Amino acid sequence: MALFSVPGIKVTGIASAVPGVAADNLELDLMGKDERDAFVKKVGIRRRRVAPPGVCASDLCVAAAERLFEETNERPEEVGALVFVTQTPDFLLPGNSMLAQRRLGLPQSTYLLDVNQGCAGYVYGLSTLSAVMHSARVKKGLLLVGDTITKLISPDDKSTLPIFSDAGSATLLESSTAGGAISFNLGSEGGGASVIRVRDGGFRHPFGKGSLDAQDEGPGIRRAPVHLAMQGVDVLQYSFRHVVPNISELLDATGCRVEGPDYYIFHQANRLLNDGLVKKLGLSPDKAPESLADFGNTSCATIPVTINHRLKDLLPDGRYQLLLSGFGAGFSWGSALVQFDSVACPGVIELG
Amino acid sequence: MSEETFNLQSFIRKLERQFDELPSESLTPDTLFRNFPAWTSLQSLVVLISFDEDYGVTISSEELQGAQTVGDLYNLVKDKRGD
């Protein structure tokens, strides 16, 4: 059962990197002015980051990791485990973890793992790395989580283009008796697999002649089978169905009240959905910082981006309990209760 | 959840409030809501969230697709409430 705690894990530092190129939703051609304004107001996304050709999730994550090593004075040679979470790897194979091992100069003995997860990915990755570190008695672990999801988006799809954005992150963990336990609660409903999906290019529907043929799927929604297709209504309903019960279950299991965590870091999906979750939990909005307006939906990296964007002035100097909640492709969801004690946390890094 | 009486009239008034700048009494039970220019996929999410918040009901994308009029939406919510 995916409701468990891993003892003795400390977060040393967290860093996020985004491409320097920003797109402004108020300048989007896909919609008329009124619709654009309504979108920015209700969905809450003003700016998105777009990685240029030749920049991959691995580049964003490696940049974040290099900065993190500098900030924490930790050395790559001491990393014993690496988990890389992405849905936009450099290659179909080998996985990004191997590319990162070389680029960062990690030891050959590093336990490497690649995880294909979307917006629940940071929590899944954190749980996986923590569990590996605990089982394999690894002293220091590195979690890389990022996507260049904009490269999967149809330029003629108003249901996805204004939403998605690119980012990569790095988190350093240390096994330490000074570290508390991290508690996790993960879940999934595979019946929701088509709710967020790229249909062609795998092996069920190999890339072929029809893969690039754009279809009209609704007003303002024109995309091909190689593009990311997201069913907005279903994402809303799956999220509302699972996220809050999952968090409540974790809080109960850890004996923590809803008021306990200092901050709730939700995956940044859209303001309507996120405000709905905050209301359902009865949270004060200032307990749920956002990065939607400035960075959009950066797929699996929204949780670290939000932390680096909003908590950079707090985390390095204090002790905070954070409830992390991710949900998305799968349909998967997961929450984690984590102690952040003097955690290195630079502001979001802009590349190039 | 609202303590207000749940009936067609109160449902329609609440629905009108989910639209920006819609004069009240614009919607009738026979209004084909999809023909409204204000009915975008974004607006459909706003309305579905309001159904969840005001009535505690979840409408799936298939159920929504089957509805054509405001009256159909009322019936969907009414059925889900178990009234």
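Let me begin by describing the structure that accompanies this report. (Residues numbered from 1 in each chain as written. Chains lettered and ligands numbered in written order. Predicted model: local features only at pLDDT ≥ 70, side-chain atom pairs only at ≥ 80, totals over all residues. Heavy atoms only, no water.)

### Digging into the interface of chain B and chain A
Taken together, the 16 residues of chain B in the interface contact 17 residues of chain A. Taken together, the two surfaces of chain B and chain A that pack against each other cover about 1,400 Å², and 64% of this comes from carbon and sulfur. Summed over the three residues of chain B that lose the most area to chain A, namely L42, L45 and I49 of chain B, the buried surface amounts to 35% of that side. Seen at the junction of chain B and chain A, the total is 3 salt bridges. Remark: the boundary between chain B and chain A carries 6 residue pairs in polar contact (both at pLDDT 80 or more). Elements supplying a minimum of two residues to the side of chain B that touches chain A: α2 (41–55) and α3 (61–66) of chain B. Considering each element in turn, the side of chain B that touches chain A owes the most residues, 9 residues, to α2 of chain B. Residues of the side of chain B that touches chain A, tallied by class, amount to 7 nonpolar, 6 polar and 3 charged. (Contact = heavy atoms within 4.5 Å. Buried area = accessible area lost by both parts, 1.4 Å probe. Salt bridge = Lys/Arg side-chain N within 4 Å of Asp/Glu carboxyl O. Polar contact = N/O pair within 3.5 Å; in protein donor to acceptor, adjacent residues only side chain to side chain. Helix = DSSP H or I, 4+ residues; strand = E, 2+ residues; numbered from the N terminus. Nonpolar A, V, L, I, M, F, W, Y, C, P; charged D, E, K, R; others polar.)

### What about the state of the cysteines?
Residue and element names in this part refer to chain A. Counted under the stated rule, the structure contains 0 disulfides over all chains. C119 carries a free sulfur, and the closest cysteine sulfur to it, the one in C300, is 7.2 Å from it. As a non-bridged cysteine, C345 has C61 as the owner of its nearest cysteine sulfur, 16 Å distant. The class of C345 is buried, set by a relative accessible area of 5%. (Disulfide = S-S within 2.5 Å. Buried < 20%, exposed > 50% of the residue type's maximum accessible area, 1.4 Å probe, protein only.)

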